[in-house]
Amino acid sequence: MCSEAATGVEHVPARCFFPREHRVNLITVPSCSRHNNETSKDDEYARGIIVSALGNNKLAIDHRRDPVRRSYLHSPKLFQNTFQIQKKDAFFHDRDRIDNLMIKIAYALYYHSYRKIWESKPEPYYKQFLFDDGKSDIEVRLPNYETLPKYDIYEGGNKSVFKYHFLEGKINGKNNCLLRMVFYEGFEVLILPKIIPQ
Ligand SMILES: [Zn+2]
């Protein structure tokens, strides 16, 4: 994310996303002291939202029952912040907070894959986040997403918890790539370099 000297390593995504028996070859990247651990509360916040989303596998449900629920018992404030604004059977989320975390994960995975800093601003799109009318975030903000290339081969040591791939191609006439990430075989985040109008 930055060019500061690394003072440690950080797991990507954070370890808290992974059930104890699914922690094989977790990805780590070098991290400076400012960016390392800066987001641990955001990790827990995003984890609670993601495991609660529709379409996930059973690991997410089990994970929600144990470590996630325990973290809410430990911090009722976290629970309140996560679920305080509800509408029927849905709840609102803090998009900036989730976006910032996903962008950080995107930079880290890019570095892990290409050994250099991603020279674009990654922008996340979500399938499971819905607007009031029930349309998904990605459908509204990226109407042509169905035309993006499909690719079924993913990276990751614990694919049932988290998997990802990069797809390289021309974006805005320049060589770049998109990143697709899937949590718990259901929660999908597409990351595209931000398109700057010319
Ligand atoms: Zn940094």
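Residues numbered from 1 in each chain as written. Predicted model: local features only at pLDDT ≥ 70, side-chain atom pairs only at ≥ 80, totals over all residues.

Considering the overall build of the protein
Along the backbone of the protein there are 5 helices and 8 strands. Each helix (α) and strand (β) of the protein, taken in turn from the N terminus, gives the series β-β-α-α-α-β-β-α-β-α-β-β-β. Taking 2.2 N^0.38 as the reference for a compact globule, 198 residues should give roughly 16 Å; the C-alpha atoms of the protein span a radius of gyration of 17 Å, in line with that estimate. Across its three principal axes, the protein shows a C-alpha extent of roughly 50 × 45 × 30 Å. When burial is assessed residue by residue, the protein has 27% of its 198 residues classed as buried. Of the contacts formed within the protein by residues at least 6 apart in sequence, a portion of 57% connects residues at least 24 apart. (Helix = DSSP H or I, 4+ residues; strand = E, 2+ residues; numbered from the N terminus. Rg over C-alpha atoms; globule rule 2.2 N^0.38 Å. Buried ≥ 20, exposed ≤ 12 C-beta atoms within 10 Å, placed from the backbone. Contact = placed C-beta atoms within 7 Å.)

Concerning the sheet that holds strand E5 (residues 122–126)
Judged by pairing direction, the sheet is antiparallel, and its 4 strands sit side by side in the order E5-E8-E7-E6 without closing on themselves. Single-partner strands in this sheet number two, and they are E5 and strand E6 (162–171). Recorded for the sheet is a direction-independent mean angle of 20° between the axes of neighbouring strands. In this sheet, strand E7 (residues 174–183) lies alongside E6 in antiparallel orientation, the contact comprising 10 bridges. (Pairing = 2+ DSSP bridges. Axes fitted to C-alpha atoms, helices over the stretch in contact; angles between N-to-C directions.)

Digging into the pairing of strand E8 (residues 187–193)
Of all 7 residues in E8, 5 are buried, a share of seventy percent or more. Note that E5 and E8 share 5 bridges and pair antiparallel. Each residue of the ladder has a partner; that of Tyr126, found in E8, is Val189. As paired strands, E7 and E8 are joined by 5 bridges and run antiparallel to one another. Bridging from a neighbouring strand, Leu179 pairs with Ile191 of E8. Linking E7 to E8, which pair antiparallel, is a turn of 3 residues; within it Tyr184 sits at a positive phi near 50°.

A short note on unusual backbone geometry
Trans is the common state for peptide bonds, and a negative phi is the common state for residues other than glycine. At the junction of Val12 and Pro13, the peptide bond is cis and its omega measures out at -15° in the coordinates. Relative to the assigned elements, Pro13 resides in the loop between strand E1 (8–12) and strand E2 (27–31). For Lys88, which is not a glycine, the phi torsion comes out positive at approximately 50°. Mapping Lys88 onto the fold places it in the loop between strand E3 (86–87) and strand E4 (90–91). Here Lys88 falls in the exposed class, since 5 other C-beta atoms lie within 10 Å of it. The phi angle at Tyr184 is positive, at roughly 50°, despite the residue not being glycine. Taking the C-beta count within 10 Å as the criterion, Tyr184 has 23 such neighbours and is therefore assigned buried.

Brief notes about the environment of Phe18
Tracing the sequence through the fold places Phe18 in the loop between E1 and E2. In this structure, the C-alpha to C-alpha distance between Phe18 and Val182, residues 164 residues apart in sequence, is 13 Å. Sequence-distant contacts of Phe18, defined by excluding residues within four places in its chain, comprise Arg23, Leu26, Asn158 and Val161.

Focus: the environment of Phe92
With respect to the helices, strands and loops of the structure, Phe92 is situated in the loop between E4 and helix H4 (95–114). Accessibility expressed as a C-beta count within 10 Å gives 13 for Phe92, which makes it partly exposed. With 10 residues separating them in the primary sequence, Phe92 and Thr82 have C-alpha atoms 7.9 Å apart.

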